[in-house]
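# Descriptive analysis of the structure
Residues per chain are reported as follows:
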Amino acid sequence: MEVIIQKNAEAAAQLTAALIGDALRLKPNLVLGLATGRTMERLYGILAEKHQREGLDFSLAVTFNLDEYIGLPAADPNSYRSYMNHYLFNNINIDPRNTHLPNGTAHDLDAGCRDYEETIRDHGGIDLQLLGIGVTGHIGFNEPLSAMRSRTRCKALTPGTIAQNAPQFEKPEDMPKRAITMGVGTILDSRRCIMLVTGESKADIVAKAVEGPITSMISATALQLHERCTVIVDEDAAAKLTQQDYYRWIFQNEPEWEPYR
Ligand code: GLP
């Protein structure tokens with residue numbers, strides 16, 4: 001794992017967008033894993049700007065989202081499909097047929113989960129998986145006790161996650177209590193992971209995820225097993241990391257990061 005501390009949320013989102021832009025220029029048919037949540041809103045805004053101003057080309061890119069609520073049709077304003085259309089897909093030149101999210105209204109949800117895994121495999125696997133972190137330490141919707149080798153499946157949400165996300169619903173009680181999520185194993189299979197975390201409300205959980213013991217109680221700790229995982233945090237989210245000086249030193253001194261300083 002490597003940790004990059006940026007001054008504020010804007011700089012963290014800019015660096016993440018720059019890395020995604022580089023990956024896409026290097027491989028125009030990039031298979032990109034995407035995340036939702038408030039943290040990603042600005043990042044997607046920057047990617048849309050890069051498309052509009054710099055011609056960043058998504059025409060051959062393929063995307064797979066981490067998760068979707070069970071029971072919300074794609075057209076529901078609170079579905080993650082609507083979120084993605086609004087914040088990213090409608091503002092770039094991606095072919096909508098190349099954008100994939102789990103189907104939360106499938107007649108047979110388990111078969112839909114198996115199909116999702118198969119479609120990822122058919123595309124050669126995920127090149128770059130973008131991740132946020134929930135207050136419970138989940139990645140995707142891999143709530144506590146998610147198996148480290150879990151695949152895409154249905155998952156019941158914890159009261160903590162429901163409390164975190166319900167305010168985004170017009171009627172908070174309408175928030176689904178279950179979701180489909182890529183598994184921890186699915187995420188670990190991606191060739192590269194970038195986790196973007198900002199804000200002081202995430203400082204405790206980031207410290208546990210990055211520096212704590214690996215445990216299925218906090219699925220983000222599984223990223224410590226990934227060979228190429230970059231965690232990009234702002235100073236507020238980094239506040240409880242014990243090795244901040246070391247992480248800053250690496251970023252300042254490693255030639256790989258030269259273009260981003
Ligand atoms: C949801 C998503 C997660 C995301 C989390 C963080 O729970 N399923 O993938 O990481 O939100 O959300 P926020 O950025 O709003 O804190």
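As the structure is a computational prediction, the values presented were derived from the model and not from experiment.

Moving on to the site of the ligand. Neighbouring the ligand are 14 residues, the closest being Arg 38, Thr 39, Asp 67, His 138 and Lys 202. A distance of 2.5 Å separates an oxygen atom of the ligand from a polar side-chain atom of Thr 39. Here a nitrogen atom of the ligand sits 3.3 Å away from a polar atom, N or O, in the main chain of Gly 140. In the complex, the protein chains occlude 97% of the 390 Å² of accessible area that the ligand would expose alone. Taken together, the elements giving at least two residues each to the shell around the ligand come down to helix 2 (38–54) and helix 5 (159–165). Tallied by class, residues from the shell around the ligand come to three nonpolar, eight polar and three charged.

The next thing to look at is the sheet that holds strand 10 (residues 229–234). Pairing within the open sheet is parallel, and its seven strands lie in the order 1-10-9-6-2-3-5. Looking at which strands have only one partner, the edges of the open sheet turn out to be strand 1 (2–6) and strand 5 (99–100). Pairing analysis gives two bridges linking strand 3 (residues 62–65) to strand 5, with the strands arranged parallel. By the bridge assignment for strand 5, Phe 64 is matched with His 100. Against the sheet, helix 1 (residues 9–26) contacts strand 1, strand 2 (31–34), strand 6 (128–131), strand 9 (192–197) and strand 10, and its axis sits at roughly 150 degrees relative to strand 10.

As a further point, take the nonpolar core. Ranked by internal contacts, the top residues of the largest apolar core, which has 80 residues, are Leu 43, Tyr 44, Leu 47 and Val 233. Those residues in contact with Leu 43 that sit more than four places away from it in its chain are Ala 13, Thr 16, Ala 17, Ile 20, Leu 130 and Leu 196. Listed in part, the six residues of the second largest apolar core include Leu 109, Cys 113, Cys 154 and Ile 180.

The rules behind each value
Residues numbered from 1 in each chain as written. Predicted model: local features only at pLDDT ≥ 70, side-chain atom pairs only at ≥ 80, totals over all residues. Heavy atoms only, no water. Near = heavy atom within 4 Å. Polar contact = N/O pair within 3.5 Å; in protein donor to acceptor, adjacent residues only side chain to side chain. Areas by Shrake-Rupley, 256 points an atom, 1.4 Å probe, with all protein chains shown as cover. Helix = DSSP H or I, 4+ residues; strand = E, 2+ residues; numbered from the N terminus. Nonpolar A, V, L, I, M, F, W, Y, C, P; charged D, E, K, R; others polar. Pairing = 2+ DSSP bridges. Contact = heavy atoms within 4.5 Å. Axes fitted to C-alpha atoms, helices over the stretch in contact; angles between N-to-C directions. Core = buried A, V, L, I, M, F, W, Y, C linked by side-chain atoms within 4.5 Å. Buried < 20%, exposed > 50% of the residue type's maximum accessible area, 1.4 Å probe, protein only.

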